[in-house]
Amino acid sequence: MARKETITKDEILNAAFQMTRQDGFSQVSARTLAAKAGCSTQPIFRVYKNMEELGVELYDKAIAFFGDYYENFPQKSDTPFVNLGLAYIRFAQEEQQLFKLLFIADNRHGKSLYDLLNGQNGSVVKEINNAKFYGCKDPGGMFMRMWIFIHGSACMSLTGDYDLQEEDTIKLLEESYKAFLNV
């Protein structure tokens, strides 16, 4: 009689995801994951060829997590790129390890930063179209200008150098958008 599986692939992936959220992916090894999941390393390597294969699935799970985070983030402004920027900065503050994995790490598993941000729902495309609707003559260029500012702000939050309140962040993003219109 075959031995009954006691841990599933989803449970292993979820344990790795929780470890990554808390301590970063660099802290996820077969041994530490097995301890977190309450199993030996054997079930991990039964469902994954190696830790790199697990890392790819974990990365995809983190992308989906960010996509859900953004989709459920409250809309605070009608100004293009402000809601995306606010959500991105807040994500960096609240989910530092996932932010580092998705937006700072060298290995994006073949995905560009644009792909990660645009997601399955076309978030960036919607913002670019919104900017065009409001009369921006170069919405793609506007995205790039705003994104440099937004990404810099989010990275500053990782080091504790960004301590603006939400209202101040909204105001700063709106003012930046208006200033960039004149560039």
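One can find the structure itself at the top, above this paragraph.
Residues numbered from 1 in each chain as written. Predicted model: local features only at pLDDT ≥ 70, side-chain atom pairs only at ≥ 80, totals over all residues. Heavy atoms only, no water.

> Mind showing me how you'd approach the packing of helix H6 (residues 96-104) against helix H9 (residues 139-158) here?
A pair of packed helices is captured by two measures, namely the crossing angle of their axes and the spacing between those axes. Interaxial distance between H6 and H9 falls to 11 Å at its minimum, and their mutual angle equals 140°. Taken together, H6 and H9 sit at an angle that is classed as oblique. The two elements H6 and H9 meet at a crossing, and its hand is left-handed. Together, Gln96, Phe99, Lys100, Phe103 and Ile104 of H6 and His151, Ala154, Cys155, Ser157 and Leu158 of H9 make up the contact between the two elements. Here the contact of H6 with H9 is built from residues that sort into six nonpolar, three polar and one charged. (Axes fitted to C-alpha atoms, helices over the stretch in contact; angles between N-to-C directions. Helix = DSSP H or I, 4+ residues; strand = E, 2+ residues; numbered from the N terminus. Parallel < 35°, antiparallel > 145°, perpendicular 65-115°, else oblique. Left-handed = near helix turned anticlockwise from the far one by under 90°. Contact = heavy atoms within 4.5 Å. Nonpolar A, V, L, I, M, F, W, Y, C, P; charged D, E, K, R; others polar.)

> Mind showing me how you'd approach helix H10 (residues 166-181) here?
Side chains three or four residues apart in an α-helix point the same way, a direct result of the helix having 3.6 residues per turn. Across its 16 residues, H10 extends 23 Å between first and last C-alpha, which sits within 8% of the 22 Å expected from 1.5 Å per residue. Within H10 the residues assigned to the buried category are Thr169, Ile170, Leu173, Ser176 and Tyr177. Viewed along the axis of H10, the buried residues span an arc of 130°, placing them on a single side of the element. Those residues of H10 that are exposed and aimed more than 90 degrees away from the buried face are Glu167, Lys171 and Lys178. (Expected span 1.5 Å × (residues − 1). Buried < 20%, exposed > 50% of the residue type's maximum accessible area, 1.4 Å probe, protein only. Arc of directions from axis to C-beta.)

> How do you make sense of the packing of aromatic side chains when you look at a structure like this?
Note on aromatic pairs: each is described by the distance of the centres and the angle between the planes. Across all of its chains, the model carries 16 aromatic pairs by this definition. Taken together, a centroid distance of 6.0 Å and an interplanar angle of 45° make the contact between phenylalanine 81 and phenylalanine 143 tilted. A residue pair is termed long-range when its members are at least 10 positions apart, and phenylalanine 81 in the loop between helix H4 (51-71) and helix H5 (82-94) and phenylalanine 143 in helix H9 qualify at 62 residues. Note on accessibility: phenylalanine 81 and phenylalanine 143 belong to one class, buried. Measuring from centroid to centroid gives 4.9 Å for tyrosine 88 and phenylalanine 103, while their planes differ by 65°, and the two rings are edge-to-face. One end of the pair, tyrosine 88, is in helix H5; the other, phenylalanine 103, is in helix H6, with 15 residues separating them in the sequence. We note that tyrosine 88, like phenylalanine 103, is buried. Just above the ring of phenylalanine 17 sits the side chain of lysine 61; from NZ or CZ to the centre is 5.3 Å. (Phe/Tyr/Trp six-rings, centres within 6.5 Å; stacked < 30°, edge-to-face > 60°. Lys NZ or Arg CZ within 6 Å of the ring centre and 35° of its normal.)

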